[in-house]
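Geometric and topological summary
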Amino acid sequence: MQLSEQEIVRRENLQKIKNLGINPFPEEEFQVSAHAEEVVEGFNEEDGNFQNVKLAGRVMMTRVMGKASFGELQDASGRIQFYVTRDEICPDENKDLYNQLFKKYLDIGDYIGIEGFAFKTQTGQTTIHVKKFTFLSKSLRPLPIVKTRKNEETGEVEVYDAFTDPEQRFRQRYVDLTVNPSVKDIFLKRAKLIATMRSFFDSHGWLEVETPILQSVHGGAAARPFDTHHNTLDIPLYLRIANELYLKRLVIGGFDGVYEIGKMFRNEGMDRTHNPEFTSMEIYVAYKDYNWMMGMVEALIEKIAIEVTGGTIVRYEENEINFAGPYRRLAMIEAIKEYTGTDISQMDEAGLRAFCKELHIGVDDSMGKGKLIDEIFGAKVEEQLIQPTYIIDYPIEMTPLAKKHRTEEGLVERFELFVNGKEIANAYTELNDPIDQRERFESQLQLAERGDDEAMALDEDFLRAMEYGMPPMSGLGIGIDRLTMLMTNQHSIQEVLFFPQMRPLKNQNHVEEN
RNA sequence: GAUUCCGUAGCUCAGCUGGUAGAGCAUAUCACUUUUAAUGAUAGGGUCCUGGGUUCGAGCCCCAGCGGGAUCACCA
């Protein structure tokens, strides 16, 4: 292994620490009694609080001035400045701890523990005056140094030498998280979002469940799956592309409301909004319809916006998005009329195909009527829907698991929620007529024969479950990653996944084949 | 998968028309007991992504590959 100059220095420092008789990787507990943020925000000279505290974390900067030094300690909550003097941390004759370890062998990124009292410096900055210094762990690789300075005139924090290369940030997320505090904030918000969602559902008495990720029939959605194989059973298995059919089986089994938050896997292209594995939330509630579901989604999303961002108005790129309900409800045909000026409700397949040509939308022979309408919607309407909008009542061909519309021929009771031009939720009044369901699956098979590779597979056991009797219900799916992007003003799915999929580097230590 | 841009020190980046590889921070040595992008002085540090080619000479031009970003296609 080729070591850089700085790595060699750090390894030498490690040995020199050992030579001082100090264990650079000590075993014993260091009892932390406070965190950086609470001291910085809570310290008050008059109150005289935080006068005996122990903090631990990484040294992120030192400013050595002879027999005294300042440094910055970063823990899970943030950073705080500390002040060290030689004679206080080395009360005896032996000054090695300060002169050698602190001044020479301590590197940025090392973990230390400090014990002392809070005070304010001449410039008013809350600082820990260190009485006792403990070395906790050595860092052998140099972290990228990100320096910041507050501009006195504008009050803005200017960043110098930021660690910004996306490839390195995603491949080495631990470094990204260490040096870029705003990255950590995104993931705290993501966790808050999921926690809010979970407590909202739990408060209604709906049950959180887990369903198979390894499936022998990849139903419930239309997408290419990842294939795998079970050795003992000697059968092909697929990583789930959806969990809808399993959740419905559970409602058939007698749970009135079930939901699952988990990973789905789709063997498709990757881009700013797609990762091969992504997190979805799906929920099914018995005896409800899609109108009820729209009300529920508004309440949920509004609550999430408040919990995650502090209010219902959220800034995303140039837009201010208002997540306060109720949201506009617009039938798909009406939306197309509004944004193209053309009423397509009476058009047949040939008419739609001609209209697509007129709009310069690429079509092919495998596309049925529903697909053509969806193409027009995708090309002309979707990106216009900035404020939260429900598009309702979709063509039946596209939606084999939704119930036929109660009044409109050829449509199903489905809605999708669009925000900032992107779909973030999809819901139906679920189809619970097993005879209708079988016919829908069969027409999907016909579409597949026609060349539609998105057509859905038939799941015989699911049909059997339905034949035992499925209560009326409404179901909903929400893309957690995309919702997180909206709530944190991020434009790439990679920014809201800790470890986005990356192409493996060549000549890295591969696992040896057995 | 297609198009396009990018890859130079630990990090951020400069590098002219093809002519000895640069800066700031970081690192090393020294000074400094309230600094805060600490400061002052000195020094070291490079597979210019990889492999070919053109050329007297390539970080720069050409070809192929690897990795990443953006856009498009597919998908959520």
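Structure: above.
Here's what I pulled together on the structure shown here. None of these values were measured; they are calculated from a predicted model.

Quick look at the environment of proline 472
Following the sequence through the fold, proline 472 ends up in the loop between helix 14 (460–468) and strand 20 (473–479). Separated by 186 residues in sequence, proline 472 and alanine 286 have C-alpha atoms that sit 5.8 Å apart. If sequence neighbours within four positions are ignored, proline 472 has contacts with Val285, Ala286, Tyr287, Lys288, Lys403 and Asn432.

Comments concerning the nonpolar core
Counting 47 residues, the largest nonpolar core has Met197, Phe201, Met281, Phe323, Leu476 and Met487 as the members making the most contacts within it. With 10 residues, the top contributor of residues to this core is helix 9 (residues 290–309). Residues in contact with methionine 487, not counting those within four places in the same chain, are Leu193, Ile301, Ile304, Ala305, Val308, Thr309, Val314 and Phe323. Within the second largest apolar cluster, 40 residues are counted, among which are Ile333, Leu359, Met367 and Ile391.

Digging into the layout of surface pockets
Vacant regions in the atomic arrangement are exposed by a probe of water-molecule size rolled over the atoms. Roughly 1200 Å³ of volume is contained in the second largest pocket. Around the second largest pocket, the lining comprises 36 residues; the ones closest to its centre are Glu72, Arg79, Thr148, Val157 and Pro181. Mapped by element, the contributors of at least two residues to the lining of the second largest pocket are helix 2 (36–42), strand 2 (68–75), strand 3 (78–85), strand 6 (147–150), strand 7 (157–160), helix 6 (173–179) and helix 7 (181–203). Looking at the lining of the second largest pocket, the element that brings in the most residues is helix 7, giving 6 residues. Its residues placed into classes, the lining of the second largest pocket shows 14 nonpolar, 11 polar and 11 charged.

Concerning the packing of helix 10 (residues 332–340) against helix 12 (residues 369–380)
Interhelical geometry of helix 10 versus helix 12 gives an angle of 45 degrees and a closest axis separation of 10 Å. When the interaxial angle is binned, helix 10 and helix 12 end up oblique. You can see that helix 10 and helix 12 cross each other, and the crossing is left-handed. In this structure, helix 10 contributes Met332, Ala335, Ile336, Tyr339 and Thr340 to the contact, and helix 12 contributes Ile373, Asp374, Ile376, Phe377 and Lys380. Taken together, the residues of the contact of helix 10 with helix 12 break down into 7 nonpolar, 1 polar and 2 charged.

Some details on unusual backbone geometry
A cis amide bond links glycine 325 to the next residue, proline 326, at an omega of -5 degrees. Along the polypeptide, proline 326 turns up in the loop between strand 15 (319–322) and strand 16 (328–331). For tyrosine 287, which is not glycine, the phi dihedral falls at a positive 70 degrees. Inspection of the secondary structure puts tyrosine 287 in the loop between strand 13 (277–286) and helix 9. For tyrosine 287, a relative accessible area of 58% gives the class exposed. Residues other than glycine seldom take positive phi values, yet asparagine 489 does so here, at roughly 55 degrees.

As for empty space enclosed by the protein
Under the criterion given, the structure shown has 1 cavity of 30 Å³ or more. The volume enclosed by the largest cavity comes to roughly 40 Å³. Along its surface, the largest cavity is lined by Met60, Arg79, Ile108, Leu143, Pro144, Ile145 and Val146. Looking at the lining of the largest cavity residue by residue, the class counts come to 6 nonpolar, no polar and 1 charged.

What to know about a positive patch on the surface
Together, Lys16, Lys67, Lys103 and Lys104 make up a positively charged patch on the protein surface. Tracing the chain through its elements places lysine 104 in helix 4 (residues 96–105). Here lysine 104 falls in the exposed class, since its relative accessible area comes to 52%.

Here we look at helix 1 (residues 5–19)
Between its first and last C-alpha, helix 1 extends 21 Å over 15 residues, near the 21 Å set by a 1.5 Å rise per residue. Restricting attention to buried positions, one finds in helix 1 the residues Glu7, Arg10, Asn13, Leu14 and Ile17. Considered in projection along helix 1, the buried side chains sweep an arc of 115 degrees and stay on one side of the axis. Exposed and oriented more than 90 degrees from the buried face of helix 1 are Glu5 and Asn19. The elements touched by buried residues of helix 1 are helix 4 and strand 5 (126–137).

Quick look at the sheet that holds strand 10 (residues 227–230)
As summarised here, the arrangement of the 3 strands in space is 9-11-10, forming an open sheet in which the pairing is antiparallel. Single-partner strands in this sheet number two, and they are strand 9 (214–215) and strand 10. As defined by bridge partners, strand 10 adjoins strand 11 (residues 235–239) across 4 bridges and the pair is classed as antiparallel. The partner of threonine 228 across the bridge, within strand 11, is leucine 237.

A look at the pattern of salt bridges
Pairing between side chains of opposite charge can happen when their charged atoms approach one another. Applying the stated criterion to the full structure yields 37 salt bridges. Here glutamate 72 and arginine 63 are joined by a salt bridge, their closest N and O atoms 3.4 Å apart. Looking at glutamate 72, the relative accessible area reads 16%, which means it is buried. With relative accessibility at 31%, the residue arginine 63 sits in the partly exposed group. Among the salt bridges present, the one from aspartate 110 reaches lysine 138, with a minimum N-O distance of 2.5 Å. Of this pair, aspartate 110 sits in the loop between helix 4 and strand 4 (111–120) while lysine 138 sits in the loop between strand 5 and strand 6, and the two are 28 residues apart along the sequence.

Criteria and thresholds
Residues numbered from 1 in each chain as written. Chains lettered and ligands numbered in written order. Predicted model: local features only at pLDDT ≥ 70, side-chain atom pairs only at ≥ 80, totals over all residues. Heavy atoms only, no water. Helix = DSSP H or I, 4+ residues; strand = E, 2+ residues; numbered from the N terminus. Contact = heavy atoms within 4.5 Å. Core = buried A, V, L, I, M, F, W, Y, C linked by side-chain atoms within 4.5 Å. Buried < 20%, exposed > 50% of the residue type's maximum accessible area, 1.4 Å probe, protein only. 1 Å grid on protein atoms, 1.4 Å probe; cavity = no way out; pocket = protein on both sides within 12 Å on 5 of 7 lines; lining within 4 Å. Points joined across faces, edges and corners; volume = space filled by probe spheres on them. Nonpolar A, V, L, I, M, F, W, Y, C, P; charged D, E, K, R; others polar. Axes fitted to C-alpha atoms, helices over the stretch in contact; angles between N-to-C directions. Parallel < 35°, antiparallel > 145°, perpendicular 65-115°, else oblique. Left-handed = near helix turned anticlockwise from the far one by under 90°. Patch = residues over 30% accessible without salt bridge, like charges linked within 9 Å, V, L, I, M, F, W, Y side chains within 5 Å. Areas by Shrake-Rupley, 256 points an atom, 1.4 Å probe, with all protein chains shown as cover. Salt bridge = Lys/Arg side-chain N within 4 Å of Asp/Glu carboxyl O. Lys, Arg positive; Asp, Glu negative; His and termini not counted. Charge placed at Lys NZ, Arg CZ, Asp CG, Glu CD. Expected span 1.5 Å × (residues − 1). Arc of directions from axis to C-beta. Pairing = 2+ DSSP bridges.

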